[in-house]
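Here's the letter readout for the chains.
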Amino acid sequence: MIRSRFSLCGDIKHSKTLGAFDERNPGVYAEEISGTSFIATAPGLEPGTYCVEIDLVEAVLEGAGRRVMDIRCGTTVLAADLDLVQAAGGFRQPFRIAGTVEHLGDAQRGPLAVQFEGKVQEAKFNAITVKNEQGAVVARVLAKDMADAVDPASRLVPQIDEAPIYTDPSRPLPQRVDDLIRRMSIKEKIDQLVNAAGRIERLDVPGYDYWNECLHGVARNGFATVFPQAIGMAAMWDAPLLLRIGDAIATEARAKFNALGKVPVYHRNQGLNMWSPNLNIFRDPRWGRGQECYGEDPFLTARLGVAFIKGLQGDDETRLKVAACAKHFAVHSGPEPGRRSFDVAPSARDLRETYLPQFEAAVREARVEAVMGAYNRLYGEPCCTHPFLLTELLREKWGFDGHVVADCGAIRSIYAHHRIVETAEAAVARAVKAGCDLDCGVSFGSLLTARKEGLITDAEIDLALHRLLRTRFRLGLFDPPETVRWSAIAPDRNDSPEHRALALKAAQESLVLLKNDGILPLRKSALKKIAVIGANADSVPALLGNYHGDPSAPVTFLAGLKNALGGDVELLYDEGCPLALPKDRPEVDPALFAQALTWASAADVVLYFGGISGELEGEEMPVGMEGFNGGDRTSIELPAVQTALLKALHATGTPVVFINCSGGAMAFPWEAENLPAILQAWYPGQAGGTAVADLLFGNCNPSGKLPLTFYRSTDDLPHYHDYAMQNRTYRYFAGDVLYPFGHGLAYTPFEYGPLDAASDPESGTFRISFRLKNAGEMDGVEVVQLYVRHLEASVPQPIRSLAAFRRVPLRAGECRTVELEFSAAALRHWDEDRQTYVIEPGGFELQAGASSRDIRQTIQLKTTKHMEQSA
């Protein structure tokens, strides 16, 4: 059964051969598709193993060595340096290439794509067939069927007599962009509007794939420094450090790019467009991609997102270091299995007060270069065809001047899943008209037919292309390297000692001590044996989360302990149990625990490394374990097999310290009640093992704070599909929690003095000051948090909202004055009648504390006049 239709993009031409060369398949070899560099893509195939067969015949160039090509599918090389005549055993001899490929799904690596590169003359094919594991054909294309895709009229090159100026860095950028566009044929223009943009050899425009990722380090492109997963970096509450991390990541991206030199084609994960950060609100802990976000609060997300974007894009006013991308715009946070078809309809206030502010900050403050449209619909319209989101709000209200890219496969979903329109042509025209400029996929290839049908104009295509090419110009990709500051970054700046040290610092700051009855820090001199138990103890995936690079020397938790202890303390290691059990065999077998319990009984302390990992939660992925579905969690509770093991370990009488790895909140009320210490480690990156050992043995004082709420039970959550913020997050959930937003213990106590307040009516800012003392015997860092609570609002308001925060380092016994400043915007709410933000006159309370539910000092103030703020 055919599951997918192939489409083509790149420098291609269609031609007839001299006849049929295989009597069994007379139509296969009669026509061919050829080109210097092109891609044949089959979107919509389910994840799985496929056999890709390519039929070819050399019917033009007689003799060996006259046509040589490379063919690959994803990371699988199907043919390298293929001399077609030699391989086929002669001229006009049919030849078939076949190879097995693993397709992870369109969302993970894009649609299944076969890439052809001509090394001597052009590459070519006559037919491509894709079969599933059962041998059934799920996708097939014959060259003769693609004749209409190669419209001769669309390939006509404009005759331009003037000398080109697009290569002249001294000319104004808009003029340069327009000059390049006017020299392209319609086909060449459209081929630039997909992520794998085609090469235009006559204009010296290399092929360029816009798809690259750097969520917490350069991803999927070999060795790179791997920082803590984004949710862990959020737990640092350290915007200046996140800016430094963004800068380091951009340095490594440039180092890799510069090492390539000038090449005909920059493939996926080689370019300088980074589809990070993820600014969605982590509204529900069941969402598997919540690990990619900066937590549940729009203010915290905005501050961290702005810092990361500025770090990535650099401080050069004319040339970007890399191009950051704020995603997924907008109102997107699961469920993963239905993301290509679901519709969300939050209230106007939830939209404006929770789901949009961080994107607004990314545009207005950080000047983010790109925004990615989400898969889902908003109020019935797909986000990638939403004029309100992409034009009215983003460009007209916020002043966005970059480009919009559709999430991978999202354009196809417009007609295939949302079914807003019936054809690909209608979908692509609708997207471009709404303000979407780049398709991660191949659907925009249908713009050629849409243009013929009168659905889209040349001017609309040119506008999208201008916004898109502007980014490549701003990256300096059309300038001599010696004129671009970032081109001087050497390859050895990748995975450098400085960046490894930065990854360790980030990991240390990200760790959140949830509970400590005094057992931590551990004293090495008092220990002879430590039982190290848990499936995450010696697991590299537990360090990484998703969207990661390859660390050159990852330090697992077990390795970190070994490095810290040397041979002075004996480590007794056993996995104890898997992280979760299969859905078809969920029963807990106590026999799994035998060795772990033996080690626990013999040890002075048990360090249990559990939780979950990026192999269980993530983006639209098959997971056959109890409590998980398609990348999401169906239950936020610690898997039952782990709680059973922890109860058994606790029963030995040996104290148990629980180190939990997860990309979001976990519910473990029994553990919180009965175990003496719990540490939240997230997915802490390549240096996670070193950082955890440093904290456990007191070499660093914990300072991380939760960027989200740890609820007591899945039963405390509203329905997962409900995007209303009522009863969600610290701002709207009034029930008992396990650990509140902002919570995090240290090895030293901090004391807060009374608050003083001042305001500046001209700037609309408030300034708060107070004395903060480290009342303990160990140097430490306190993350002070300032919340606002409305006292006299005319409409319902959040319980409290974060307005400012700061990391304050204090030596043992030191006392310091802390100053915090926040804007009156912290008091605003969306007025649905006026269709604007308003700040009402009246009283409000400022609350300073160590978490959203550990308020140490308060002061009440008033605003005296009604104010409106731009939407």
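To be clear, the structure that these remarks concern was listed above.
From a predicted model like this one, the values you see are computed outputs, not experimental measurements. (Residues numbered from 1 in each chain as written. Predicted model: local features only at pLDDT ≥ 70, side-chain atom pairs only at ≥ 80, totals over all residues. Heavy atoms only, no water.)

Caption draft 1: Quick look at the pairing of strand S31 (residues 765–774). Where burial is concerned, most of S31 is hidden: seven out of the ten residues are buried. One ladder, built from three bridges, connects strand S29 (residues 750–752) with S31; its direction is antiparallel. Counted as the bridge partner of Phe 750 is Asn 774 from S31. Adjacent in sequence and paired antiparallel, strand S30 (residues 756–760) and S31 are bridged by four residues, among which Gly 764 carries a positive phi angle near 70°. Sheet topology note: the S31/strand S34 (residues 815–823) ladder contains nine bridges and is antiparallel. When the bridges of S34 are listed, Lys 773 appears paired with Cys 815. (Buried < 20%, exposed > 50% of the residue type's maximum accessible area, 1.4 Å probe, protein only. Helix = DSSP H or I, 4+ residues; strand = E, 2+ residues; numbered from the N terminus. Pairing = 2+ DSSP bridges.)

Caption draft 2: Seen up close, empty space enclosed by the protein. A full pass over the atoms with the stated rule returns six cavities of 30 Å³ or more. Considered as a void within the structure, the largest cavity measures approximately 100 Å³ in volume. Forming the walls of the largest cavity are 13 residues, and the residues nearest its centre are His 790, Glu 840, Gly 842, Gly 843 and Thr 863. Considering every element that reaches the lining of the largest cavity, the biggest residue donor is strand S37 (residues 842–851), with three residues. Of the residues belonging to the lining of the largest cavity, the class tally is five nonpolar, six polar and two charged. Of the volumes computed, that of the second largest cavity is approximately 60 Å³. (1 Å grid on protein atoms, 1.4 Å probe; cavity = no way out; pocket = protein on both sides within 12 Å on 5 of 7 lines; lining within 4 Å. Points joined across faces, edges and corners; volume = space filled by probe spheres on them. Nonpolar A, V, L, I, M, F, W, Y, C, P; charged D, E, K, R; others polar.)

Caption draft 3: Region of interest: the sheet that holds strand S12 (residues 207–209). Taken together, three strands build an open sheet; the order of strands is S11-S12-S13 and the sheet is mixed. At either end of the open sheet lies a strand with only one pairing partner, and these are strand S11 (196–197) and strand S13 (265–266). Bridge count for S11 against S12 is two bridges, and the pairing is antiparallel. Bridge pairing in S12 places Ala 196 opposite Asp 209.

Caption draft 4: Molecular detail of the packing of helix H6 (residues 239–260) against helix H15 (residues 497–510). Between H6 and H15, whose axes approach to 11 Å, the crossing angle comes to 145°. Judged by the sense of rotation from one axis to the other, the crossing of H6 with H15 is left-handed. For the pair formed by H6 and H15, the contact residues are Leu 241, Arg 244, Ile 245, Ala 248, Thr 251 and Glu 252 on the first element and His 499, Leu 502, Lys 505, Ala 506 and Glu 509 on the second. Class assignment of the residues belonging to the contact of H6 with H15 gives a composition of five nonpolar, two polar and four charged. (Axes fitted to C-alpha atoms, helices over the stretch in contact; angles between N-to-C directions. Left-handed = near helix turned anticlockwise from the far one by under 90°. Contact = heavy atoms within 4.5 Å.)

Caption draft 5: Structural view of the state of the cysteines. This model, assessed by the stated rule, comprises one disulfide. Across a sulfur-sulfur distance of 2.1 Å, Cys 408 and Cys 440 are joined as a disulfide pair. Sign of the S-S torsion, about 80° for the bond between Cys 408 and Cys 440, identifies this disulfide as right-handed. Taken together, the positions of Cys 408 in the loop between strand S19 (403–406) and helix H11 (410–416) and Cys 440 in the loop between strand S20 (438–439) and helix H13 (447–452) put the pair 32 residues apart, joining distant regions of the chain. Of the residues examined, Cys 440 reaches a relative accessible area of 0% and is grouped as buried. (Disulfide = S-S within 2.5 Å.)

Caption draft 6: Inspection of the pairing of strand S5 (residues 76–83) at higher detail. Strand direction decides the pairing type here: strand S4 (residues 68–73) and S5, joined by five bridges, are antiparallel. Paired with Cys 73 across the bridge in S5 is Thr 76. Connecting the antiparallel pair S4 and S5 is a turn made up of two residues, with Gly 74 showing a positive phi of about 65°.

Shape is all these values report; function is a separate question.
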